[in-house]
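In case you want the letters, here they are:
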Amino acid sequence: MVIRILHTGDWQIGKPFGGFEPDRRGELRAERFAVVGRIAALAASRGCDAVLVAGDAFDDNMVSDREIQRTLDAMAAFRGPWVMLPGNHDAALGVSLWTRLKQRADAARVIVADRPEPILLEDQGIAILPAPLTRRHEGADLTAWFDHAETPAGLARIGLAHGSVQNRLPEAAEAGNPIADDRAARARLDYLALGDWHGFVEIAPKTVYAGTPEPDRYPANAPGHVAIVEVDGPGAAPRIEKVRTARFDWRSLALRLDGGVEAVDEALSALAQPGETVLELVLSGSLSLRERVRLEETLALWRAKLFDLRLVDAALIDAPDDEDLDRIDVGGFVRVAIERLRARAADPADPDRAAAALALRLAYVEHRRLGER
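Residues numbered from 1 in each chain as written. Predicted model: local features only at pLDDT ≥ 70, side-chain atom pairs only at ≥ 80, totals over all residues. Heavy atoms only, no water.

Per an unreviewed UniProt entry, the chain goes by DNA repair exonuclease and derives from Aurantimonas aggregata.

A. Quick look at the packing of helix α1 (residues 22-45) against helix α2 (residues 65-74). Their axes nearest at 8 Å, the elements α1 and α2 cross at an angle of 30 degrees. As the angle between them shows, α1 and α2 are arranged roughly parallel. Contacts between α1 and α2 involve Arg 29, Phe 33, Val 36, Gly 37 and Ala 40 from the former and Glu 67, Arg 70, Thr 71 and Ala 74 from the latter. A class-by-class count of the residues in the contact of α1 with α2 yields four nonpolar, two polar and three charged. (Axes fitted to C-alpha atoms, helices over the stretch in contact; angles between N-to-C directions. Helix = DSSP H or I, 4+ residues; strand = E, 2+ residues; numbered from the N terminus. Parallel < 35°, antiparallel > 145°, perpendicular 65-115°, else oblique. Contact = heavy atoms within 4.5 Å. Nonpolar A, V, L, I, M, F, W, Y, C, P; charged D, E, K, R; others polar.)

B. How the structure looks around empty space enclosed by the protein. Using the criterion set out here, one finds one cavity of 30 Å³ or more in the structure. Every residue along the wall of the largest cavity is listed here: Ala 131, Leu 133, Glu 138, Ala 140, Asp 141, Leu 142, Thr 143, Ala 161, His 162, Asn 177, Pro 178 and Ile 179. Going through the elements one at a time, β7 (156-162) and β9 (178-179) are the ones with two or more residues in the lining of the largest cavity. Broken down by class, the residue content of the lining of the largest cavity amounts to seven nonpolar, three polar and two charged. (1 Å grid on protein atoms, 1.4 Å probe; cavity = no way out; pocket = protein on both sides within 12 Å on 5 of 7 lines; lining within 4 Å. Points joined across faces, edges and corners; volume = space filled by probe spheres on them.)

C. The nonpolar core, seen in detail. By size, the foremost hydrophobic cluster in this structure holds 32 residues, and its most contacted members are Leu 6, Trp 11, Phe 58, Met 75, Trp 82, Met 84 and Leu 101. If one sorts the elements of this core by residue count, α1 sits on top with seven residues. Once you skip the residues sitting within four places of it in the chain, Met 75 turns out to touch Trp 11, Val 36, Ala 40, Trp 82, Met 84, Arg 109 and Val 110. If you look at the next biggest cluster of nonpolar residues, it comprises 22 residues, including Ile 128, Phe 200, Val 208 and Val 231. (Core = buried A, V, L, I, M, F, W, Y, C linked by side-chain atoms within 4.5 Å. Buried < 20%, exposed > 50% of the residue type's maximum accessible area, 1.4 Å probe, protein only.)

D. Layout of the sheet that holds strand β15 (residues 249-258). The strand order across the open sheet built from three strands is β15-β16-β17, with neighbouring strands paired in parallel fashion. Each end of this open sheet is capped by a strand with a single partner; those strands are β15 and β17 (308-318). Adjacent strand axes in the sheet meet at a mean angle of 10 degrees, parallel and antiparallel pairs treated alike. Bridge count for strand β16 (residues 277-287) against β17 is nine bridges, and the pairing is parallel. From the neighbouring strand, Gly 285 faces β17, where its bridge partner is Leu 316. (Pairing = 2+ DSSP bridges.)

E. A look at α2. Turning to α2, its buried residues number three or more, namely Glu 67, Ile 68, Thr 71, Leu 72 and Ala 74. Looking straight down α2, one finds its buried side chains confined to an arc of 160 degrees; they lie on one side. (Arc of directions from axis to C-beta.)

F. Representation of the side chain of Asp 90. Assignment of secondary structure puts Asp 90 in the loop between β3 (82-84) and α3 (97-104). Put simply, Asp 90 is tucked away with no salt bridge, and the nearest opposite charge, on Arg 136, sits 8.5 Å away. For Asp 90, the side chain forms a polar contact with the main-chain nitrogen of Ala 57, separated by 2.9 Å. Of the polar contacts made by the side chain of Asp 90, one reaches the backbone nitrogen of Phe 58; its length is 3.1 Å. Apart from the residues within four sequence positions on either side, Asp 90 is in contact with Gly 55, Asp 56, Ala 57, Phe 58, Asn 61, Leu 85, Leu 97 and Trp 98. (Lys, Arg positive; Asp, Glu negative; His and termini not counted. Salt bridge = Lys/Arg side-chain N within 4 Å of Asp/Glu carboxyl O. Polar contact = N/O pair within 3.5 Å; in protein donor to acceptor, adjacent residues only side chain to side chain.)

The structure is reproduced here in structure tokens:
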């Protein structure tokens, strides 16, 4: 019998998205529920035996009852078992959101893996070994008990945990909740389903982070997927398929502009779905004041097309030339002041360099506006 599971995690239901305008914030929050619905439909269409949620289904323990109910409603399309592990954001405290969820959930369908003991899904051929978090940070490896856990013969052993695999992830991701990088081998697991890292990666043999199914930051680590895992039986190598589930495309794009802004329009025109793109645009180089104004006009057009645009331009330097200064049609002491501003704006050691550059740009724009009357 082929065992097929869908592995997901890090839904972050209730994430506030406080840095966005209210309309965008509401749409991003709503998409957390929508992606759960897509996961449920995928699990049903692919004939999965179970869905494993590897922690942080919720952004914190203070999510509302309405958010819990909307999550359960989104899960309804898959009628098989959902095994949900408390993570560091939604730890299994004495009284937690899991207490409220159990009161609302169909117990035959939603299994909260809040105790370190085997969960036997004998009809599905699976024994699940969970490592629930009971607080945000743990110094000990909560998966260690897997090594000596007894499970019935004939059931595939699936580990379910939330944390940082040691020696495999960047140091910043290993502050707590450690997991041994050879845990799957030590515990004779057929698959180890992990949460916490938001990108999809097979981090060690039979050991996979599914990542968040709907991105929530500018990534470099392949978010926006779930794993469909097939196991032929105990001891067989799992077949792991990465399946995209994301709607929004969060991306960071770095461009160097030296003299002209054409590269901005070219790069943004290549986006497949700008209306569903959350873009961080990082610009460097130098532009004349004429081109700086063109850049602002270009970005104004793209802000209306993109779902969201964040500009990072600290490394983009204004480099006014003689033509720029001639267009600021002034003479006498005002021209002297403009020349001094130009010199200060060009001096990397001047502490007021940015203010001088802004003053020059404003002067250019104002004189251009007056000239168009």
